[in-house]
Amino acid sequence: LSGGNATRIFTVGGSGYLRLSDVTLQNGKDASGGAILQNSTSSTVKCEASTFENNKASANGGAISSDGTLDIDGCTFEGNQSGDDGGAIYKGSGFPLTIFGSNFTDNSAGTDPDGQTNGGMGGALVFTGGIVVANITGSRFDGNTATSGSGDRTGYGGGAIYNDAIMNITASVFAGNSVSGDEWHGGALFNTSSGTLSLNYSHFGITPLPLP
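Okay, so let's go over this structure. (Residues numbered from 1 in each chain as written. Predicted model: local features only at pLDDT ≥ 70, side-chain atom pairs only at ≥ 80, totals over all residues. Heavy atoms only, no water.)

1. Structural notes on the sheet that holds strand E15 (residues 103–105)
Sheet architecture is open: seven strands sit in the order E3-E7-E11-E15-E19-E23-E27, paired in parallel fashion. Strands at the two margins of the open sheet, each flanked by one partner only, are strand E3 (24–26) and strand E27 (203–204). Both E15 and strand E19 (residues 140–142) contribute to a ladder of three bridges, which runs parallel. If you follow Thr105 over to E19, its bridge partner there is Asp142. (Pairing = 2+ DSSP bridges. Helix = DSSP H or I, 4+ residues; strand = E, 2+ residues; numbered from the N terminus.)

2. Some remarks on the pairing of strand E14 (residues 97–100)
On any regular strand, side chains alternate: one points to one face of the sheet, the next to the other face. Here E14 shows a buried face lined by Leu97 and Ile99 and an unburied face lined by Thr98 and Phe100. Bridging between strand E10 (residues 69–73) and E14 involves four bridges; their strand directions are parallel. Counterpart to Leu70 in the pairing with E14 is Leu97. Of the strand pairs in this sheet, E14 and strand E18 (residues 133–137) are connected by four bridges, and their pairing is parallel. Note that in E18 the partner of Thr98 across the bridge is Asn135. (Buried < 20%, exposed > 50% of the residue type's maximum accessible area, 1.4 Å probe, protein only.)

3. Digging into the pattern of salt bridges
Where charged atoms from two side chains of opposite charge come close, those side chains can pair. Under the criterion given, the structure shown has three salt bridges. The residue Lys46 makes a salt bridge to Asp71 at a minimum N-O spacing of 3.2 Å. With Lys46 in strand E6 (residues 44–48) and Asp71 in strand E10, the pair connects residues that are 25 residues apart, well separated along the chain. (Salt bridge = Lys/Arg side-chain N within 4 Å of Asp/Glu carboxyl O.)

4. What about unusual backbone geometry?
Residues other than glycine seldom take positive phi values, yet Asp22 does so here, at roughly 55 degrees. Within the secondary structure, Asp22 sits in the loop between strand E2 (17–21) and E3. Despite not being glycine, Asn54 shows a phi value in the positive range, around 60 degrees. Topologically, Asn54 is positioned in the loop between strand E7 (51–53) and strand E8 (56–57).

5. Here's the deal with the nonpolar core
Membership of the largest hydrophobic core comes to 35 residues, with the highest contact counts inside it found for Ile36, Phe52, Ile64, Ile72, Phe77, Ile89 and Ile161. Listed by contribution, the elements that provide at least two residues to this core are E2, E6, E10, E14, strand E17 (125–127), E18 and strand E22 (166–170). Leaving out residues up to four positions away in the same chain, Ile89 has contacts with Gly61, Ile64, Leu70, Ile72, Phe77, Phe104, Ala124, Leu125 and Val126. Formed by seven residues, the second largest nonpolar core is a distinct cluster that contains Tyr90, Met121, Tyr162 and Phe190. (Core = buried A, V, L, I, M, F, W, Y, C linked by side-chain atoms within 4.5 Å. Contact = heavy atoms within 4.5 Å.)

What is shown is where atoms sit, not what they do.
Rendered as structure tokens:
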């Protein structure tokens, strides 16, 4: 399914339930959630063995912007782009996020497809879910970037992930992720002072280790 670089592909509101299996969503474009905007806390989105490619948002969530329950299993996010935060996924509100066996490659935050350059955090993922938990297992983050742009945002970052809630990462690999800009930090991960991060059995390096 393609948005033709002109429109978003799915909007999930109310108590909506969207399940994608073995689907490719590409070239979606909108203000937030280039491929999927999940704008209700009562909604659920589940993605299995699907691909999100070259989707763009001028604000948050190049591929997905979510306020509800979001479950990602065996998916690929490649070349998605946000003008502000969350190059692939922006996850807000107090509902859980689960990512299992997925790949995030060459996604970027802070590079606005509409030409604004105020910067953005979390090249692959931003999680700001309050007291709820994000669980990331057996996933790869490779070549994702976040840039501060020309705005006055300082002290942020997260080339792959920006976490401002509770996050558990297990058996995952991070390689070639980066941030650019003065006073920006965390080429792979940026964990805020109010965020809680648990990191286990994972690898950081130039060449990603193979995953079982």
